[in-house]
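Each chain, written out:
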Amino acid sequence: MCGIVGLTGSNDTLNQLRTALAALEYRGYDSAGIAVVDRAKGRIIRHRSALRGAAIADLGSERMIWPGDVSAGIAHTRWATHGAPTHDNAHPHVDCRREVAIVHNGIIENHRELSTRLVAAGHVMSSETDSEVIAHLIEEALASGLSTRHSVRAAIAQLRGDFALSVLFLHDPELLIAARRTSPLIVGLTEHTAYLASDIAALLPITRELYALEDDEIVELRPGTILITDAGDQVITPRPLEVTWDVTAAQKDGYADFMSKEIFEQPRALRETLLGRFDGSLRPDFEELSIDATALALVNRVIYLACGSSYHAALSAALATEQFARIPASAEVASEFRYREAVLDQLTLVVVVSQSGETVDTLHALREAKRHGARVIALTNVVDSVMTREADGALYTHAGPEIGVASTKCHLAQIALLEAFALHLGWVRGEVEEELLREGAIHLLATPDLVERALGSAERFLDVGRRFHEVDDVYFLGRRVGYPIALEGALKLKELAYVRAEAYPAGEMKHGPISLIEPGVVVVVVATRTSLWEKVMANVEEMRARGATVVAVIEEGDHETAALVDATLEVPGTMEFCSPIVDVVPLQLFAYAVASARGNDVDRPRNLAKVVTVE
Ligand code: F6R
């Protein structure tokens, strides 16, 4: 996730900006930049770096020449969402006259529309970002005679989407203006200096006099003072922020660890991933994909390739693809695919699914698919990762960086994007009726709210997990859409809690594994009201008859199922193809609770790496 900092009134502006950026490094970033006003020469000086892993340090290197007389500055760490992580796409961005510099977090949904209008009016864009339009909108408003504050207000009134932004003005070098909508932004004060940041962790080492900003409020910062106006342009009294956290707690937003922070970020990760994927008439919009609809319509088979949790997302995708696009689809473990002499050709579409875009097994599978002439799409969370560079087209989840080793928010975002893509394939192939498409889109777009609702029961899920923290053997069962959910639940329990956990398609138990069921064995079953609910419940009966303790993921208020099992994890119901997004949530928390109760480090489980770059 991008980070913003800004300050005015310090006699050590550049060092303070770099230190504050370094405090945001934990969030992950791919490029960074700073802009200040050089008062002696009367110009904005901006330096940016896309040096992988070292961009912040690079901003302090000798090759960056900074002015001596600086009063205010803004800085940014970028995690690419629109446009590759290059020098030119790094923030700050400037207007045509270089009189305004901006930094921005969030996504400007209507940036294409705004950019087209601005370019037609003579503005020149120098990046591929959605953010640059903001600098030009402010330039346009200033040129029409508006004040600095009213120019920012005029600009944000034209933005659709989420933002936290800060603006530096050449002609008012001690002024910074900042505004936000949904994306976080806070302000801090010391006697002579005013600060802003997107993350409390950047300001805590400097001051505890902190103030909150609400949606569409604008703050003007001058040395040692702030002035906040509301959406109606009325001056309001700043609202102090009570902060009891230290820096480490602040980095985790007050959560005990990154994993729980990321679990609770899932509604936002889903919202940002699904943003703009359907147009106003709820038709899929995959404009970002460089493979056009005609080419997609000709494809005669889809293979999803991935590892670990991404593979589980791929399994859900294959089911949705067959359902909506009526085309043969399968999901395969990338490390196996690579060696199995697969039969593919130019009409095969291969989608590699990888949070990092760097997993070596998936990368080799991608290369193998290309060698056979297949068209390859990379679906990742990291813009410009190796896979996206080698694939024919890229799709991005916008989950923000995932720091916990076990995938949570990226996994959910992958499923959501893959399900949207399956609807898209169905639409371009003419296989999905308009009504079903609408229904699917409506349900998919509702999943962020459903996941939020499910998270409202987090304490209950944790309680159930704690109850079972001493278990040694757990089976996870599900059928059809429930099977990938069961696989993911088992993987989470294995990797976090170090508990033996096996996932089976529920109907398969009687073909062997049922001989292992005896009193003391715990069976977790995905028993939401999908089309196979009755079959699943028949399998549950088989487990209970042999003494297993059954924990079931069920739909809210489903007393009938609740009466047949020993413990329940209740989630909101949804359309069947969306259920993997919602039903995985309690299983993440179940595994989290077992792992925590056993004293394990949930952010860094033993023997695991976040990105697996060895075969
Ligand atoms: C499990 C987990 C791993 C990854 C797998 C693939 O919680 O995080 O199983 O899903 O290593 O990683 P990516 O998606 O980066 O290719």
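### A few points about the site of the ligand
S310, S354, S356, T359 and E495 are the nearest of the 14 residues found near the ligand. In this structure, S354 approaches the ligand through a side-chain N or O atom, which is 2.6 Å from an oxygen atom. S407 has a polar backbone atom sitting 2.9 Å from an oxygen atom of the ligand. For the ligand, the accessible surface in isolation is 410 Å², of which the surrounding protein chains cover 91%. Secondary structure elements with two or more residues in the shell around the ligand: α11 (308-325) and α18 (482-497). Counting contributing residues per domain, the shell around the ligand is built from domain 2 (250-455) and domain 3 (458-597), each supplying no fewer than three.

### Brief notes about the sheet that holds strand β19 (residues 375-380)
Spatially, 5 strands are ordered β17-β16-β18-β19-β20 in an open sheet, and the strand pairing comes out parallel. Only two strands of the sheet have a single partner each, and these edge strands are β17 (329-333) and β20 (393-396). In this sheet, adjacent strand axes meet at a mean angle of 20 degrees when their direction is disregarded. Across 6 bridges, strand β16 (residues 301-306) lies against strand β18 (residues 348-354) in parallel orientation. Counted as the bridge partner of A306 is V353 from β18. Together, β16, β18 and β19 form the strand contacts of helix α13 (residues 360-371), whose direction differs from that of β18 by roughly 170 degrees. Of the strands in this sheet, β16, β18, β19 and β20 are in contact with helix α15 (residues 409-428), which crosses β18 at around 165 degrees.

### Some details on the domain arrangement of the protein
Many descriptions give the size of an interface as the accessible area lost when the pieces come together. Domain annotation for the protein reports domain 1 (3-243), domain 2 (250-455) and domain 3 (458-597). Placing a centre on the C-alpha atoms of domain 1 and another on those of domain 2 gives a separation of 32 Å. With 19 residues of domain 1 at the interface, the matching set in domain 2 holds 14 residues. Both faces considered, domain 1 and domain 2 share a buried interface measuring about 1,500 Å² in area, 62% of it formed by carbon and sulfur atoms. The largest per-residue losses of area from domain 1 upon contact with domain 2 belong to Y26, W79 and I107, which jointly make up 38% of the total buried on that side. Note that E287 and R112 form a salt bridge whose closest N and O atoms lie 3.4 Å from each other. Of the residues in the side of domain 1 that touches domain 2, the class split is 10 nonpolar, 3 polar and 6 charged.

Reading the values: the criteria
- Every residue gets a number counted from 1 within its own chain, in the order that chain's sequence is written.
- Selection of residues for local features in this predicted model requires a pLDDT of at least 70, selection of side-chain atom pairs for listing and counting requires 80 or more, and totals for whole chains, interfaces and linings are taken over all residues.
- Hydrogens and waters are ignored; side-chain quantities use all the structure's heavy atoms.
- For this purpose, a residue is taken to be near a molecule or strand whenever a single non-hydrogen atom of the residue falls within 4 Å of it.
- Whenever two N or O atoms come within 3.5 Å, that pair is a polar contact, provided that in protein one can donate a hydrogen and the other can accept it, and provided that, for residues adjacent in sequence, both atoms are side-chain atoms.
- For the accessible areas, the method is Shrake-Rupley and the probe is 1.4 Å, while residue cover comes only from the protein chains on display.
- Secondary structure elements are taken from DSSP: a helix is a run of H or I of four residues or more, a strand is a run of E of two residues or more, and numbering for both begins at the N terminus.
- Note that the domain bounds reflect an automated or database-derived domain assignment.
- By this definition, two strands are paired if DSSP reports at least two bridges between them.
- Lines are fitted to the C-alpha atoms to define the axes, a helix being fitted only along its stretch in contact, and any angle between axes, read from their N-to-C directions, falls within 0 to 180 degrees.
- Any pair of residues with heavy atoms lying within 4.5 Å of one another is described as a contacting pair.
- Put simply, buried area is the surface a 1.4 Å probe can reach on two separate parts but cannot reach once they are joined, added for both.
- We define a salt bridge as a side-chain nitrogen of Lys or Arg found within 4 Å of a carboxyl oxygen belonging to Asp or Glu.
- Think of it as three bins: nonpolar holds Ala, Val, Leu, Ile, Met, Phe, Trp, Tyr, Cys and Pro, charged holds Asp, Glu, Lys and Arg, and polar takes everything else, Gly as well.

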